[in-house]
Each structure stands twice: as C-alpha cells, then as structure tokens.
Amino acid sequence: MDVPGAETFPAQRFSPSLSAAQLRIKFPTINSIVSSNLVVLETHVSLKNGTRINLEGEELCIGYNHGHDNNFGCIVASGPFTELTIEAAENIETRVTLQVELVSGPFANLTALTSFILAPAPPISNNVLSAEYLEVESNLNAFKEEKLVLMLNHWTEDLRWVKHQPFKAVVYDKHPTSEQRGSKHFVEKNVAGEASSYLKFIVDYYDALPDSVLFLHSHRYAYHQTDLLILLGTIDRGKDFSDAYCNVNDAAWGLLDENVAYLKEHWGREGWLRKWLGEQTDEWPLDRCCAQFVVGRDRIRRRPKEFYVEALEVVTRCDVEDREKSRRLGLLMEWIWHVVFGENIVTSDVEFLVPTLKEFEQVDLGGGGGVQCIL
C-alpha cells in the first residue's frame, strides 16, 4: 500500500505542540468521487497553529467498507500517502466509508473518518495525443476545438491515472529513454523543472491552442495538490475557461531573501523580463505554489509568441549539470506565471499572506476538494 516516488511534505521547522492535535484525511474528502479502483489516501496530523505533521514511520490501522465488503489492516507509513486497491465494478457507484487510527507515536489513538463515492471508470485508450497524431490537419483542427486539454510535464511518473479521467492529454517527455525522443513532444534538456516543457508546448502550439489548458506535473497526487482524479471529476466540462486563470495547488510558499535577489536579476533594470512585463513594482509576485494551473487560450495570447520563445531560450541555455541554476530558473517561472497571464501581482486568494511574507515557508491552503475557480 506504500507509494514509491510520490512527493512528500517538506521538512517542518516547528516544535509540535500536543494541544488540539487532529488526525486529518486530506483526501478522499467527504462525498468526493474517485474514478479508479486505486484509491489514494492522504493523512497527517494537524496542530492548532496550522502545522502539519508527517506520519512517516508511524503505524496506521485502516478499515473500510463498501457494499457488503469489509477490510481492515495496519501498515507503517512511509509518508503521507497510502494507496489502496478497492475492487468495484466499472461504471457503478459505491459508497465507501473509511476510518484511520494512528496507533503509535506522540499522537497515538487519534482517529479520522471519511466517506466517498467509488465509481471506477473504464480506461480510455486514446486520450493521450501524440505529436504524430497532431501533425494530421483534421486532428489538429479537432484539438483546437477542445474545451480543456491536459498538458503534462513527464519524467518517470506513473501515468496510468490519465486513462481514468475524461480529458484529452498531451505529454511532453524529458527522460532520455522516452519513446517520444526525437518527436515534437520531447524536451531535449531537462532544466528549469516543468517550465521548459510548458514553454515548449506553448511555442509549439501557440497558433493551434485549445480553448484552455491545464498544465500539470504528471504525478496523480503530491503534498501541494489533491488527487487529480478527484479534482478533474469536479470540473464543469461545459464551462468556458478561454479567458481564465486558476492555480489548482493547495499550498503557497514565501519568498526568501535570496529568491528576491534572483527575481531582481531577471526583472530589474537589466533583466530580460522588463521589456515584456514592464517595470518591476515594489510588490513581490505571489500565487499558490508549484506551477499547476488552468489557463485560457486568450490569456496565453495576451503575450506575443516571441515572449515565450525568449523565455524558452533563457531557461534552456542553462547547463543540465548546473542543478542549482536549473532549479532557480524553474522557480522564477513559478513566481511569475500568473503575471504573464494577466493576473494581479498578488493573486486574491493569497493576499492575506502578504503581511507575513518573510515569515512563512509553506502554508497549506488545502481542503483537498478542488479549487473553486474551476468548478
């Protein structure tokens, strides 16, 4: 039931207080719908001051029932995520009630309960669109008519989840052994995190974009997001996102002093961003973290294609071996994507963090049930 390779919580610097501790299930949330037999459970202890405690190394006992089946077992947690395979027939909704008890450590005997809908969807075999497929004019024209397309930055993440959600997807691979090597959907240099893939996609399809694009990392779940199969199931498929921007992550990061200096380097008087974004203001850009967002075609095209071409050139000039510079270039784009797409320099749902900008490192904005701006 353990999850290899999933993103885990960053290290916490707080001294945990034992007062008002609660065991929480971030997802599946109450009444959420999971469209796969593989159910992902995220658990942590939440303290009164908002600190989340990772349960790695602690023993959890998990019991659940659906229909007439009851299951119970205990594991040692390898992190916040646990995968459970729950057998259920495709296209049939079943109510699952699940309880978790923490049986070791300073928070032993805490319990949490959730109840969700298991509705396994049959896998879709043709919802990933290859570069070769999109080279056919009729296919590209159909692509432009899609209301929402997923754009995935991929290294080695497990992509089985993609076949259990309803949207078309384009996958940009970076791994040197990828079958896509040599195609338009392969990124030669694995630099700047997801930014190099996102920028290459925009440059490649600037004149043939769908109505909107949901840019994603490729992992089904992580500390900064909910389970994507739950999130994607909440999206109103008839909604017009062509002029929208919505960050779908559940966390925000503060800008530390060295990051501020790096931003000045690229957006200051001599920086390349100045000619595209104007003079840098005294405010520091702030949005939810981690660069996963829905953005509409009209928002993308508020900037000319030449901007994205230059941005791609800036990040891909980085040497693959210079990991620190690569990391910082990825962070640079993470800080400014919302500005590029026409949002205020501080997005409305994180304005409350500005007074303490230099005091926090990570804030959980979770709830795990989706982000209101895409519903």
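This text goes with the structure placed above it.
Numbering of residues begins from 1 in every chain and follows the order in which that chain's sequence is written. Owing to the predicted nature of the model, reporting of local features is limited to residues with pLDDT of at least 70; listing and counting of side-chain atom pairs is limited to 80 or more, with chain, interface and lining totals taken over all residues. Where side-chain values are given, they derive from all heavy atoms of the structure, hydrogens and water being excluded.

Student: Would you mind showing me how to read the side chain of S46 here?
Tutor: Its place among the elements puts S46 in strand β3 (residues 38-46). Looking at S46, the relative accessible area reads 13%, which means it is buried. Any pair of nitrogen or oxygen atoms within 3.5 Å is treated as a polar contact; in protein, a donor-acceptor pairing is required on top of that, and neighbouring residues in sequence qualify only through side-chain atoms on both sides. Of the polar contacts made by the side chain of S46, one reaches the side chain of R24; its length is 3.5 Å. S46 has contacts with A20, A21, Q22, R24 and T51, leaving out every residue within four places of it along the chain. Under the DSSP-based scheme used, a helix requires at least four consecutive residues in state H or I and a strand at least two consecutive residues in state E, with every element numbered from the N terminus. To sort residues, take the accessible area from a 1.4 Å probe on protein chains only and compare it with the maximum for the residue type: under 20% means buried, over 50% means exposed, and anything in between is partly exposed. Every residue pair with non-hydrogen atoms within 4.5 Å of one another is taken to be in contact.

Student: Help me understand the packing of aromatic side chains, please; the structure alone is not making it clear to me.
Tutor: Planes of paired rings set the category: under 30 degrees apart is stacked, over 60 is edge-to-face and the rest tilted, where pairs are Phe, Tyr or Trp rings (Trp by its six-membered ring) whose centres lie within 6.5 Å. Under the definition given, this model contains 20 aromatic pairs. Measuring from centroid to centroid gives 5.6 Å for F293 and W337, while their planes differ by 50 degrees, and the two rings are tilted. Linking F293 in strand β15 (residues 293-296) with W337 in helix α9 (residues 323-340), this pair joins segments that are 44 residues apart in sequence. Of the two residues, F293 and W337, both sit in the buried class.

Student: Please explain the packing of helix α8 (residues 305-316) against α9 as it appears in this structure.
Tutor: If you want to describe how two helices pack, look at the angle between their axes and the distance between the axes. It is at 11 Å that the axes of α8 and α9 come closest, and there the two elements cross at 165 degrees. Between α8 and α9, the angle is such that the two are roughly antiparallel. The element α8 and its partner α9 pack so that their crossing is right-handed. Taken together, the residues of α9 that come into contact with α8 (itself represented by F307, Y308, V314 and V315) are L329, M333 and V340. A per-class count over the contact of α8 with α9 returns 7 nonpolar, no polar and no charged. Orientation is described by lines fitted to C-alpha atoms, with helices fitted over the stretch in contact, and by angles between N-to-C directions that extend from 0 to 180 degrees. Any angle from 65 to 115 degrees is called roughly perpendicular, while one under 35 is roughly parallel, one over 145 is roughly antiparallel, and all others are oblique. Crossing handedness: left-handed means the near helix sits turned counterclockwise from the far one by under a right angle, and right-handed means the same turn made clockwise. Gly falls in the polar group here, along with every residue not listed as nonpolar (Ala, Val, Leu, Ile, Met, Phe, Trp, Tyr, Cys, Pro) or charged (Asp, Glu, Lys, Arg).

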